[in-house]
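# Understanding the architecture of this molecule
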Amino acid sequence: MTTSTWTTGSGLVTFNLKIPQHGSLAVQLANATSIILENARTIGNLTYASLSTLSEGEDAVEWGAGEPETKAIIRAVQEHTDAARVELTFDLRCRGADGVEFVIAGGMDCWIEKGSLTDPNATDPLELTISLDTDVYSPVTWGQERDNRSLAARNAPVFNQFLLAVRERTGASVGPVHAEGYAGQVGPDGFKVR
Amino acid sequence: MFLAATPTGVGQAAAAVIQLALSAFGAAGMVEAGIEAIKHGGAWLTTAWTAHGKPELIAEASKEFLRMLVAVAVTALGYLGAKGNYKNALKIANNMPTGSLPAFATAGHAPSGGAGARTGVAIGPSVGGPAVVGAAAVGLSDEEKASLGKGQEVDGVHDKDVGEARSTERHDPRAADGRENSTLGEHAAQHQSAQPVVPKHYSLKPSDVEQAAQAMKASGRLQGDMVVFDKLVEQAKAGQARSLGELEAIQRWLDNGSAIEVLPEHQNQLNASGKPRTNPDYRVDGKLREAKPRSDTLDNEWVKETVTKANKQIKNSGLSEQGEAELQLRGPEAEHATLAQVERQVKVTSAHNSDVIFVVLRSIRTVYCSQNGNAYPTARS
């Protein structure tokens, strides 16, 4: 649905990060999950989470219907030694030009997964993907009105801070940013708001 | 899942048995079986034919037969949308008594043409249609991983100000490069053939969108939520590359004689299991399909990431179906990607080695890949 100065769409802007692997994969996966959950509170609410494992496949454990309990998710990830992927979906909280909060349902997906699914002993970095299904943080969007500088100025700095905190606390290196159609609007450090 | 192994010799015989097994598992419609099944089937026949009455070889042949059945069953379960736990199933197979299992141990002829079936994932490009890439396939070798390389990339990021970006994005990058462009007349002609012999270059410009959209509607085979379609048209007119790519996909599907339903967008809804409801893009001839265009240079992450997102769109739609993802590489930057690049990334959406099949993305049954609307020429890979 086109909403004024911004729009929604699957994976409009995606950030890829690589987290170097040290020690137990399950512990590291749990740690990265914890960092994301903790820092994402500033930008949204967790609405769905799932854990995929090598033995039980995709979405072996799921949490939905209301805000899932963070500790339960982290505990489950730690307990599954063959954990392969954690998927988190957030509703994004944003501020309008009038200062009133509005919510973009399912606006952000994050998933963290093993770099190699075939080799249990591989030390490939964990792959962290942060995927936005909205362009609300971009100064220029594909909404009906494309000038979104006002909303971007209010909301993008908080998102950029989230991105930076996740990167610093996980020790992740920056990978590709996929943002086709948003040239000059976004980079590895987030959205460019002047 | 869609694996197209091309068995020869022993593999052909094994494939025949596998097809019988698929019928027994209720998945007779799945005409290609997993390579793991072909491998075990081949090993079963090879061991059985060369056993010469030796009990230990007969036992091993029987086990290979059972392993093949397990592999077929897991592949069939994947086809039917079930979760895969191949490892446990294989353990059961390895520990089963083999006295009553068939081994053909009395057959004394060695197989001709070698024992192993081909295990590579075959991409089956045909002129006028996209290549099919197995969504569950063999894992990457270390050499393949090494060849992927690492690096940092940002899609088309240049330091432009807001005004520059607005002005640039209103024009598709290929608008001025003199490429052939589809016209209404061409589309009408294309309807005569489901498999066009001459590859057609699909390359819409924003200025062509209105006319092309009218032709699509006039085809009578584009149905569904026209509000969603009109939004796509408006964004394409404004020069959004992904919208132009989706319209090119619709053109191509219509040219191929397909019936298309544009699916509605559901906002702020939960599906039956309490997850935020997602919106798959289309039904093409009744099958859910996500169209994923890319115009920028392909990197080592986009395909994997995009198939993951497509899987989620279908998984959380509440429709309880498997679907298809179509990766459209369009334009001069994306078309430099090789099929091998795409294939590697699709492979890692499902892990598979001798012990484990981890069905990572079970809502995606087939991944297609096209290059400017046409199948990937194998020579490029």
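Residues numbered from 1 in each chain as written. Chains lettered and ligands numbered in written order. Predicted model: local features only at pLDDT ≥ 70, side-chain atom pairs only at ≥ 80, totals over all residues. Heavy atoms only, no water.

## Examining the overall build of chain B
Definition in use: For the purposes of this entry, the term helix denotes a DSSP run of H or I that reaches at least four residues, the term strand denotes a run of E that reaches at least two, and both are numbered from the N terminus. A 1.4 Å probe rolled over the protein chains alone gives each residue an accessible area, and that area as a share of the maximum for its type sets the label: buried under 20%, exposed over 50%, partly exposed in between. Using a 1.4 Å probe, accessible areas were evaluated by the Shrake-Rupley method; residue-level cover was limited to the displayed protein chains.
Per the secondary structure count, chain B includes 13 helices and 10 strands. Within the span of chain B, comprising 381 residues, buried residues form 54% of the whole. Of the roughly 15400 Å² of accessible surface on chain B, a fraction of 55% belongs to carbon and sulfur atoms.

## Overview of the packing of helix α1 (residues 25-40) of chain A against helix α2 (residues 70-79) of chain A
Axis angle and axis distance: for two packed helices, these are the angle between their axes and the distance between the axes, and together they describe the pair. Residue and element names in this part refer to chain A. To be explicit about the condition: Lines fitted to C-alpha atoms define the axes here, with helix axes fitted over just the stretch in contact, and angles between the N-to-C directions of these axes take values from 0 to 180 degrees. When an angle is under 35 degrees it counts as roughly parallel; over 145 it counts as roughly antiparallel; between 65 and 115 it counts as roughly perpendicular; any other value is oblique. By the definition used in this description, the sense in which the near helix is turned from the far one sets the handedness, with an anticlockwise turn below a right angle giving left-handed and a clockwise turn giving right-handed. Contacts are assigned to residue pairs with any non-hydrogen atoms lying within 4.5 Å of each other. Only Asp, Glu, Lys and Arg are considered charged in this grouping, and only Ala, Val, Leu, Ile, Met, Phe, Trp, Tyr, Cys and Pro are considered nonpolar; every other residue, Gly among them, is considered polar.
Closest axis-to-axis distance for the α1/α2 pair is 8 Å, and the angle between their directions is 160°. It follows that α1 is roughly antiparallel to α2 by the angle criterion. The hand of the α1/α2 crossing is right-handed. Contact with α1, carried on its side by Ala26, Leu29, Ala30, Thr33, Ser34 and Leu37, involves Thr70, Ile73, Ile74, Val77 and Gln78 of α2 and no other residues of that element. Among the residues making up the contact of α1 with α2, the classes are represented as seven nonpolar, four polar and no charged.

## Re the packing of aromatic side chains
Residue and element names in this part refer to chain A. Quick reminder of the rule: Between 30 and 60 degrees the pair is tilted, below 30 it is stacked and above 60 it is edge-to-face, where a pair is any two Phe, Tyr or Trp rings, Trp via its six-membered ring, whose centres lie within 6.5 Å.
Scanning the model with the defined rule gives eight aromatic pairs over all chains in all. On the basis of an interplanar angle of 20° and a centroid distance of 5.8 Å, the ring pair of tryptophan 6 and phenylalanine 102 is categorised as stacked. In this pair, tryptophan 6 sits in the segment before β1 (8-19) while phenylalanine 102 sits in strand β5 (residues 101-113), placing the two residues 96 residues apart along the sequence. Given a relative accessible area of 9%, tryptophan 6 falls into the buried group.

## Quick look at the layout of surface pockets
Residues and elements named next belong to chain A. For the record, the criterion: The pocket and cavity definitions rest on a 1 Å grid over protein atoms only: a 1.4 Å probe that fits but cannot leave marks a cavity, an open set with protein on both sides within 12 Å along at least five of seven lines marks a pocket, and residues lining either have an atom within 4 Å of a point. Grid points are joined across faces, edges and corners, and a volume is the space filled by probe spheres set on the points.
Its boundaries defined by the atoms lining it, the largest pocket holds a volume of some 850 Å³. Looking at the lining of the largest pocket, the element that brings in the most residues is β5, giving six residues. The residue makeup of the lining of the largest pocket, split by class, is 17 nonpolar, 18 polar and 11 charged.

## Thoughts on the environment of lysine 200 of chain B
Relative to the elements of secondary structure, lysine 200 of chain B occurs in the loop between α7 (184-190) and α8 (209-218). Sequence separation between lysine 200 of chain B and asparagine 374 of chain B is 174 residues; the distance between their C-alpha atoms is 6.9 Å.

## Quick notes on the sheet that holds strand β6 (residues 126-134) of chain A
Residue and element names in this part refer to chain A. What counts, and what does not: Note on pairing: DSSP must find at least two bridges between two strands before they are called paired.
The seven strands are arranged β3-β2-β4-β5-β6-β1-β7 in an open sheet whose pairing can be described as antiparallel. Each having just a single partner strand, β3 (57-63) and β7 (173-178) make up the two edges of the open sheet. Across the sheet, the mean angle separating the axes of adjacent strands is 20° when strand polarity is ignored. Bridge analysis of β1 against β6 gives eight bridges, and the strand direction is antiparallel. From the neighbouring strand, threonine 8 faces β6, where its bridge partner is threonine 134. Helix-sheet contacts for α2 involve β2 (44-53), β3 and β4 (83-95), and the interaxial angle to β2 is about 15°.

## Quick word on the pairing of strand β9 (residues 364-371) of chain B
The side chains of a regular strand alternate, first on one face of the sheet and then on the other. Residues and elements named next belong to chain B. Counting buried residues along β9, seven of its eight residues qualify, which places the element largely inside the surrounding structure. Across seven bridges, strand β6 (residues 323-329) lies against β9 in parallel orientation. When the sheet's bridge partners are listed, leucine 327 is paired in β9 with cysteine 369.

## A few points about helix α9 (residues 226-237) of chain B
We apply this condition: Here the expected length of a helix is defined as 1.5 Å per residue gap, with one fewer gap than residues. Any N or O atom pair separated by 3.5 Å or less is treated as a polar contact, with the protein-specific requirement of one donor-capable and one acceptor-capable atom, and with residues adjacent in sequence counted only for side-chain atom pairs.
Between its terminal C-alpha atoms α9 of chain B stretches 16 Å, which fits the 16 Å expected from 12 residues at 1.5 Å a residue. Along α9 of chain B, the residues classified as buried are Val228, Phe229, Lys231, Leu232, Val233, Gln235 and Ala236 of chain B. In the core, the buried residues of α9 of chain B are packed alongside β1 of chain A together with α8, β2 (222-224), α10 (241-255), β3 (260-262) and β4 (282-284) of chain B. Where α9 of chain B starts, the residue carrying a side-chain oxygen 3.0 Å from the main-chain nitrogen of valine 227 of chain B turns out to be aspartate 225 of chain B.

## Remarks on empty space enclosed by the protein
The gaps of empty space that remain are located by a probe, the size of a water molecule, rolled over the atoms. Throughout the structure, instances matching the rule amount to six cavities of 30 Å³ or more. If you add up the space inside the largest cavity, you get close to 250 Å³. For the lining of the largest cavity, the secondary structure elements donating two or more residues are β1 of chain A together with α10, β5 (287-294) and α11 (302-315) of chain B.

## Brief notes about unusual backbone geometry
Here aspartate 59 of chain A, not a glycine, exhibits a phi torsion of approximately 55°, which is positive. Of note, aspartate 59 of chain A is situated in strand β3. Judged by relative accessible area, aspartate 59 of chain A falls into the buried class, the value being 2%. The phi torsion at aspartate 285 of chain B lies on the positive side, around 50°, for a residue other than glycine. Along the chain, the position of aspartate 285 of chain B falls in the loop between β4 and β5.

## Let's talk about the nonpolar core
Most often, soluble globular proteins keep nonpolar side chains buried together rather than apart. Rule in force here: As used here, the term nonpolar core means buried Ala, Val, Leu, Ile, Met, Phe, Trp, Tyr and Cys residues forming a set that is joined through side-chain atoms within 4.5 Å.
Among the nonpolar cores identified, the biggest contains 53 residues, and Phe15, Met108, Ile130, Tyr137 and Phe159 of chain A are the most heavily contacted of them. When residues of this core are traced back to their parent elements, those giving at least two are β1, α1, β2, α2, β4, β5, β6 and α3 (149-170) of chain A. Ranked by residues supplied to this core, first place goes to α1 of chain A with seven residues. Each residue touching phenylalanine 159 of chain A, except ones within four places of it in the same chain, is listed here: Phe15, Ile43, Met108, Ile130, Leu132, Tyr137 and Phe191 of chain A. If you look at the next biggest cluster of nonpolar residues, it comprises 22 residues, including Phe229, Leu244, Leu254 and Ile260 of chain B.

## With respect to the pattern of salt bridges
Keep this limit in mind: Salt bridge criterion: a side-chain nitrogen from Lys or Arg within 4 Å of a carboxyl oxygen from Asp or Glu.
The full count for this structure, using the stated rule, is 29 salt bridges over all chains. Of the charged contacts, one joins lysine 304 of chain B and glutamate 113 of chain A as a salt bridge, the two residues approaching to 3.5 Å between their closest N and O atoms. Of this pair, lysine 304 of chain B sits in helix α11 while glutamate 113 of chain A sits in strand β5, each in a different chain. Between glutamate 234 of chain B and lysine 237 of chain B there is a salt bridge, with the nearest N and O atoms lying 3.3 Å from each other. Of the two residues, glutamate 234 of chain B and lysine 237 of chain B both sit in helix α9, three residues apart, roughly one turn of that helix. Exposure remark for glutamate 234 of chain B: the relative accessible area of 48% places this residue in the partly exposed category. We classify lysine 237 of chain B as partly exposed; its relative accessible area is 31%.

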